[in-house]
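Commentary on secondary and tertiary structure
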Amino acid sequence: MKLFKSDEEVGTDLRRWLTIFLCLQITLFTSGCGRTTYDQRPVGNENRSRPVRLVLGIVIDQFRYDYLTRFEDLFGARGFRLLLREGAVFTNANYVYLPTVTACGHATFMSGSIPALHGIVGNEWFDRETGRIVTSISDDNVKLLGGQGEEPASPSRMIGSTVGDQLRLTNNGRSKVLGISLKDRAAILPAGKHPNGAYWFDSTYGTFVSSTYYFPDLPGWAKEFNQNNRPDKYFGARWDRLLPAAAYERSLPDDSPYERSPRGNTFPHIINGGESKPGKLFYEHFEESPFSNEYTAAFAKAAIEGEKLGEDEYPDLLTLSFSANDKVGHSFGPYSQEVEDITLRTDRVLSDLFSYIDQKVGLANTIIVLTADHGVAPIPEYSRDLGLGGGRIEGKTIADAIQTVLSKRFGTGIWIRAAVNGNIYFDYDVVERQSGNRQEVERAGCEAALKVQGVGDCFTRTQLLSGPDSSHWFSRHAANGFYAQRSGDLVIVLKPFYLQGTEAGTSHSTPYGYDTHVPVIFYGAGIPAGTYSNPSSPSDIAPTLSFLLKIEPPSNTIGRVLTEAIETKIRP
Ligand SMILES: [Zn+2]
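Residues numbered from 1 in each chain as written. Predicted model: local features only at pLDDT ≥ 70, side-chain atom pairs only at ≥ 80, totals over all residues. Heavy atoms only, no water.

1. Some words on the confidence of the model for the chain
Confidence in the prediction for the chain averages 91 pLDDT; 90% of positions are at 70 or higher. When the criterion is pLDDT under 50, residues 1-48 qualifies, and its contacts beyond four places in sequence or with other chains add up to 27 contacts. (pLDDT = per-residue confidence, 0-100. Contact = heavy atoms within 4.5 Å.)

What follows is the structure, encoded as structure tokens:
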């Protein structure tokens, strides 16, 4: 027995007596206060006790944080605005690695990790063992199901577990975990290593597909969806602006000279791929239109019904990635009316999906988390005309400069085996034969690269393996993105507003804010509304979700629990 009571305990005693007193009063007039409240101490937000039945993890592919602020006044009440007003909104979340591309972002989403640990160092990389470029999800040991146009794929190359994996471990697989997206990597990587399934779009045949990694055959509900909901119904669909022209004044004119889409730059866009009946070109065009987001959401609803997600006491996880925003953004750029319009239409798609989930599962029993896999640079010609600098560096220019310098200094030979994602892979036989000193060759290579106009930084394998260098801000990003068996010997970072390649449009992959700054928003059971401007990153999502679900975080998590956003009062 303690001699002294803490302030809190004294307070509790007072509350107890007050409760008894009030109950006596109430009992005089009603039947009230049937249960004793003696041992019930307030433990914080009541929402915490609501059972979570469904976690909906949403990624919008290529979605900068500023799309939420630029267009907020044009959103409806129950889409983005529901999350912005009633959720926990992190306004300063940035990726902490490079390259900021789709596969890395999606692998990070539900692992809370970084490429240095989950091993997904790009959408593709050079595989030294086989001497070829591999993609983040290509897998020759599995077969495609439900189509024929896509590569067979699985999460085999990803290292470590995800929230879904940990969730299923806690209850012997009674929780269901699914990943859905038009893009294979965006469906597969967030769902993790042992989910119930992942589904993506076959743009040759216009069906949702999966692979034998997950099951021997597509489940019935997915087959039925493919049969009854062909995307062909969108053939010839007219994509026009959702709102009157005045709403688009904050974006560049529709016929801006910076847009160079091969399929036309101005509204209305007629979605037919230039074909007279639905075929591969139409399906690809369809993927670059907001209609394919509607279609993805329709498939997600079929999955919720088919797999009975959110129906029992074991929480289920559905990860859903919207790919069309990325394709539209690449063609038209972040300041185009097309990007504005698809953002507004995504808002409507989300609103519809949220109300569906409210009816089916109840939003009070659902956690929604929303982020993006990366942002995007303005179209370089636009940046340059505004005086921000920038431009395009032809893909070969940097590799050629390195090759020339190394040959001159150490002797002839084809020094470079591959150049992918700003990574330069040397031919070690040539390095051994002509120099014998890998570090010396690495340094000479970086010196050569840094002389190319538009190159901002260069890191060597040796540097990155010895840890980030405090004199180079981005060495941390490069080290976080470096996985020794898969990354190159040099990692090159361009100056702001520069892109590699001469293809029209724009892209992403750098450590600059326009590529790293994305939304991180939690909404739902146990999460009070709030806006937080302190630094955070998408790597914080998985540990936070794990905390909310009371499960062990994924194996490689480096993020933190976003404690400021959730009730953390500790039971005495
Ligand atoms: Zn992209």
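2. Remarks on helix 6 (residues 163-170)
Across the eight residues of helix 6, six count as buried, placing the element largely inside the fold. Every buried residue belonging to helix 6 is among Val 163, Gly 164, Asp 165, Gln 166, Leu 167 and Arg 168, and all of these are buried. Packed against the buried residues of helix 6 are strand 6 (177-181), helix 7 (184-191), strand 11 (316-322) and helix 20 (541-549). In the stretch just after helix 6, Asn 172 is the one whose phi turns positive, near 55°. (Buried < 20%, exposed > 50% of the residue type's maximum accessible area, 1.4 Å probe, protein only. Helix = DSSP H or I, 4+ residues; strand = E, 2+ residues; numbered from the N terminus.)

3. A closer look at the coordination of the zinc ion
Summarising the metal site, the zinc ion is bound by the protein donors Asp 326 (OD), Asp 326 (OD), His 330 (NE2) and His 508 (NE2), whose distances to it range over 2.1 to 2.7 Å. Between the four donor atoms coordinating the zinc ion, the angles at the centre fall across 53 to 161°, so the site counts as irregular. Site description for the zinc ion: donor spacing in sequence, D-x3-H-x177-H. Within this pair, whereas Asp 326 is found in helix 11 (residues 324-332), its partner His 508 is found in the loop between strand 18 (498-500) and helix 19 (513-516), the two being separated by 182 residues in sequence. Accessibility classification places Asp 326 together with His 508 in one group, the buried group. (Donors = N, O, S within 2.8 Å, 3.2 Å for Na, K, Ca; no water. Tetrahedral: all angles 85-135°; square planar, octahedral: opposite > 155°, others 65-115°.)

4. Brief notes about the sheet that holds strand 6
Read from one edge of the open sheet, ten strands run 5-8-7-6-11-1-12-19-2-20, paired in mixed fashion. The outermost strands of the open sheet, each flanked by one partner alone, are strand 5 (144-145) and strand 20 (530-532). Pairing between strand 6 and strand 7 (residues 197-202): three bridges, direction parallel. Looking across to strand 7, one finds that Leu 178 is bridged to Gly 197. (Pairing = 2+ DSSP bridges.)

5. A word on unusual backbone geometry
Here the residue pair Leu 98 and Pro 99 is connected by a cis peptide bond, since its omega of 5° sits within 30 degrees of zero. Within the element layout of this structure, Pro 99 appears in the loop between strand 2 (88-94) and helix 4 (102-109). For the peptide bond that leads from Phe 267 to Pro 268, omega is -10°, which places it in the cis range. Position of Pro 268 among the secondary structure elements: in the loop between strand 9 (237-239) and strand 10 (269-271). A positive phi angle, close to 55°, is found at Asn 172, a residue other than glycine. Along the chain, Asn 172 falls in the loop between helix 6 and strand 6. A relative accessible area of 65% means that Asn 172 is categorised as exposed.

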